[in-house]
Structure formats: structure tokens, C-alpha cells
Amino acid sequence: MSEEVPTTPAMPLAPGMLLERLKTQTEYALRCGALQSIPTDYEFVESDSIRFLVRILTNLTRKDEAQQEQAQKTAVSGKEFNPFLPYEEDLFVADISPTHLCLLNKYNVVEHHLLIITRAFEAQDTWLTLQDFEALAVCMAEFEGLAFYNGGKLAGASQRHKHLQIVPLPFGLGDARIPIEPELVKALAQSQGSIAQSSSFPFVHAIAPLEPQWLDSPTQAACHYLERYQRLLEAVGLSQDKESSQQSGAYNLLVAREWMFLIPRSRESFQSIAINSLGFAGALLVRNAEQMQFLKEVSPLTILQNVAYSHPKN
């Protein structure tokens, strides 16, 4: 029998209240020390007309200490430590569905970073399900955000327990709502509603159009999202075995109200610069000035190409 997290909510979620609940819980968690935001500086780095937002971490001590503590707990217990079973109550935001709930990201870089986790343990390298997309649609109907999923360790997943993530928009800083979005919109306009690819990206990927009005009914939106997700997987050559929930390969998935973007992954990092889904949104993270200089020398798109699967530009 699988373990389950407690089902009693700190505050039941009412329609239209998730963003307010997220802000309130963030303030509380900061005051009590449960939320330990990681400070960053930032620069914009242009690569083939895309203006990437690159954050440089200024203090990783807390997160490094937490990772060491997690490794010690795993060594002592003989079982991999799971921060979501049980979850930290001071980080609880809301119950979303019978299968999912929301927590704050304890070591957030982006403000109001929300995790959508399964109540019972499921592995992060299993395919997304209708229930996953329904929980996601509930959140996306509440506020405009960028959602993403790191499908497996090679895609940047740091925890084995299945969790989607969402950050409110506008994302980050600068003029663009999402740095990479103009290229996605352009590619979808040229594809006239079908699965698209962008000639600006030198890596294997696929883009699908979504309709914002689907979110009027999260249940119906979940059906549409699952269908588009499966079409994207097929487009990039990631086959789904109906007899198994196990992924056939790692990938990153990004979802806004208007589009879905999927990228297969070949490796977790390039020259010590780790990349997760947000890298493919145009937001990269480096640990120090040396990594920042390297990123500028080789270019963000080259780094993304090296952690994905290359293909020649059209």
C-alpha cells in the first residue's frame, strides 16, 4: 500500500482564492523561516535575438546544507528521503484535487513558486496523467502562470516524488512575459494550429497550441492538455507504452494558457551548468561568476542544444 500525505487542509481552497492563499502563505512561511528564498543577481544575455534572463546565485549555503542533511537521512534510514511525505505543514498552500495538493517551493529563486504534488507517491520519471493535468488546470484557471515539469533526473528533477511546478506571470524581469515566448508564438502562427517547430531552436522540440477558454472547465481542459501532451511526445519520438507508466526518455514540458512546449533531454548539465525546464523558457541559473562568463562565451542556445538533442536549423 502506498503512503499518502495528510488530507486535512490548512485552509480549504475556494474558487478564485488560490493566488491570495499563495501570497498569504508565502508571507507566513517567510516570517517563520520555513520558506528560505535564495537571493540572486541577474543579467540579460542575448542569443540569436532571444534575450535570456540569467540569474546568478549569491548565497547557496542554505540549500547546500539541506542537500547534505537529506543525504545523511538517506544514509541512516537506507531509504531515499522524501520532503513531500510528509510535507512541511508551514509550506502547505491548498488542496487542489483528491489526488494533488500545493506546496511552496522551500528554496525558491522566483517569487511565489508553487509545487503541485501527488498525495500518494508517484515517481517523477513516469508519464503525466489525466489527474496530473486536471490539478494543473485548476491552478492555471486561478491565475496566469508558467507551468513546467522536469520529466526525470536528466531533465533537472531534484526530487523523485512527482510534482509539477508553476510560477505567476509575468515571469522574471524585462519586457517579455516569458523570454522564449515570442519564438513559440511565431512558430504557432506559421503552423496554422498544428504541432509546430521553431527554426530558431537548434534542438529537437515540439510546440502545441492551447485555448485559454478551455480553463473555464479544468476537467475539460485536462482532457485537451493530455491529448496535446501525447501528440507532442509522439512528435519528438518519445513513445508511450500503454502497459507501463515508465517514461521512455527524459524531457522538459512547459505550459502557458496559449501553448505547450516539450523538449527531450540527453543530459542534466553542460560544463557544470545544470538546466531544468526554466532554461528552455529563457531563464537560466548559474552558481558563480565563472559559470556566467562561460555561458556568455558559448551562448545560452548552445548550452540548451547540448543538453537536448541537436538538429540543424531549418
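Note that the coordinates shown come from a computational prediction; the quantities given were computed from them, not determined experimentally. (Residues numbered from 1 in each chain as written. Predicted model: local features only at pLDDT ≥ 70, side-chain atom pairs only at ≥ 80, totals over all residues. Heavy atoms only, no water.)

Q: Even after reading the chapter, I still don't get the overall build of the chain, so can you show me in this structure?
A: Per the secondary structure count, the chain includes eight helices and 13 strands. For the chain, with 314 residues in total, the buried portion stands at 51%. Looking at the chain as shown, the accessible area adds up to about 14500 Å², and 49% of this sits on carbon and sulfur atoms. (Helix = DSSP H or I, 4+ residues; strand = E, 2+ residues; numbered from the N terminus. Buried < 20%, exposed > 50% of the residue type's maximum accessible area, 1.4 Å probe, protein only. Areas by Shrake-Rupley, 256 points an atom, 1.4 Å probe, with all protein chains shown as cover.)

Q: How should I be thinking about the pairing of strand β1 (residues 40-47) in this particular structure?
A: Remember that side chains alternate between the two faces of the sheet whenever the strand is regular. Where β1 meets strand β2 (residues 50-57), eight bridges bridge the pair, whose relative direction is antiparallel. Its bridge partner lying in β2, aspartate 41 is registered against isoleucine 56. Connecting the antiparallel pair β1 and β2 is a turn made up of two residues, with aspartate 48 showing a positive phi of about 50°. (Pairing = 2+ DSSP bridges.)

Q: How do you make sense of the nonpolar core when you look at a structure like this?
A: Side chains that are nonpolar tend, in soluble globular proteins, to be buried together. The biggest cluster of nonpolar side chains holds 46 residues, and the ones touching the most others in it are Phe133, Tyr229, Leu253 and Met260. Apart from residues lying up to four places away in sequence, tyrosine 229 is in contact with Trp127, Leu128, Phe133, Gln240, Tyr251, Leu253, Met260 and Leu262. In this structure, Leu254, Phe270, Ile275 and Val286 belong to the second largest nonpolar core, which totals 41 residues. (Core = buried A, V, L, I, M, F, W, Y, C linked by side-chain atoms within 4.5 Å. Contact = heavy atoms within 4.5 Å.)

Q: What am I meant to see in the UniProt feature "active site" (unreviewed entry) in the chain here?
A: Mapped onto the present numbering, the UniProt feature "active site" (unreviewed entry) falls at His163. In this structure, histidine 163 sits in strand β7 (residues 163-168). Among residues more than four places away in sequence, those in contact with histidine 163 are Phe84, Leu115, Ile116, Ile117, Gln124 and Tyr149. (UniProt positions renumbered as here; feature names shortened; annotations may be inferred.)

Q: What is the right way to look at the pairing of strand β5 (residues 114-118) in this model?
A: Summarising burial for β5: five of the five residues are buried, a large majority. On β5, burial covers both faces: Leu114, Ile116 and Thr118 on one face and Leu115 and Ile117 on the other are all buried. Here four bridges tie β5 to β7, and the two strands are oriented antiparallel to one another. Bridge pairing in β7 places isoleucine 117 opposite histidine 163.

Q: What am I meant to see in helix α8 (residues 300-307) here?
A: What α8 keeps buried is the set Pro300, Leu301, Ile303, Leu304 and Val307. When α8 is viewed along its axis, its buried side chains cluster within an angular range of 160° and face the same direction. (Arc of directions from axis to C-beta.)

Q: I'm lost on the packing of aromatic side chains in this one. Help?
A: The description of an aromatic ring pair rests on the distance of the ring centres and on the angle between the ring planes. Going through the model one piece at a time under the given rule, you end up with twelve aromatic pairs. Between tyrosine 149 and tyrosine 251, the ring centres sit 6.1 Å apart and the planes meet at 45°, which makes this aromatic pair tilted. In this pair, tyrosine 149 is assigned in strand β6 (residues 145-151) and tyrosine 251 in strand β9 (residues 251-255), connecting sequence segments 102 residues apart. Note on phenylalanine 201 and phenylalanine 203: the rings are 5.3 Å apart at their centroids and 10° apart in plane angle, and the pair reads as stacked. Comparing phenylalanine 201 with phenylalanine 203 shows no difference in burial state: the two are buried. Aromatic ring contacts, followed pair by pair, group Trp127, Phe133, Tyr149, Trp214, Tyr225, Tyr229 and Tyr251 into a single cluster. (Phe/Tyr/Trp six-rings, centres within 6.5 Å; stacked < 30°, edge-to-face > 60°.)

Q: How do you make sense of the sheet that holds strand β10 (residues 259-264) when you look at a structure like this?
A: Within a sheet, adjacent strands bond to each other through the backbone by hydrogen bonds, running parallel or antiparallel. Across the sheet, which stays open at both edges, the eight strands sit in the order β3-β4-β5-β7-β6-β9-β10-β8 with antiparallel pairing between neighbours. Each edge of the sheet is formed by a strand with only one pairing partner; in this case those strands are β3 (92-95) and β8 (206-209). Strand-to-strand twist across the sheet, computed as the mean angle between neighbouring axes with direction ignored, equals 20°. Of the pairings in the sheet, the one linking β6 to β9 comprises five bridges and is antiparallel in character. Bridge pairing in β9 links glycine 151 to tyrosine 251. Across the sheet, helix α4 (residues 181-191) touches β8 and β10, and the angle it forms with β8 is around 70°. (Axes fitted to C-alpha atoms, helices over the stretch in contact; angles between N-to-C directions.)

Q: Even after reading the chapter, I still don't get helix α3 (residues 130-142), so can you show me in this structure?
A: Since the α-helix advances by 3.6 residues per turn, residues separated by three or four positions end up pointing in the same direction. Under the 1.5 Å per step criterion, the end-to-end length of α3 is 19 Å for 13 residues, consistent within 8% with the ideal 18 Å. Looking at α3, one finds that the buried residues are Asp132, Phe133, Ala135, Leu136, Ala137, Val138, Cys139 and Met140. (Expected span 1.5 Å × (residues − 1).)

Q: For this particular structure, what's the right way to read the environment of glutamate 234?
A: The topology assignment puts glutamate 234 in helix α5 (residues 218-235). With relative accessibility at 66%, the residue glutamate 234 sits in the exposed group. In this structure, the C-alpha to C-alpha distance between glutamate 234 and alanine 206, residues 28 residues apart in sequence, is 9.4 Å.

Q: What should I look at first to understand the pattern of salt bridges in this one?
A: Side chains that carry opposite charge are capable of pairing whenever their charged atoms lie near each other. Scanning the entire structure with this criterion turns up twelve salt bridges. Linking glutamate 122 and lysine 162 is a salt bridge whose minimum nitrogen-to-oxygen distance equals 3.3 Å. Placement of glutamate 122 in the loop between β5 and α3 and of lysine 162 in the loop between β6 and β7 is noted, with a sequence separation of 40 residues between them. Salt-bridge contacts for arginine 177 lead to glutamate 181; the nearest nitrogen and oxygen are separated by 2.4 Å. Under the relative-accessibility criterion, arginine 177 is labelled partly exposed at 21%. Beyond isolated ion pairs, a larger network of salt bridges with shared partners links Glu144, Arg177, Glu181 and Glu258. (Salt bridge = Lys/Arg side-chain N within 4 Å of Asp/Glu carboxyl O.)

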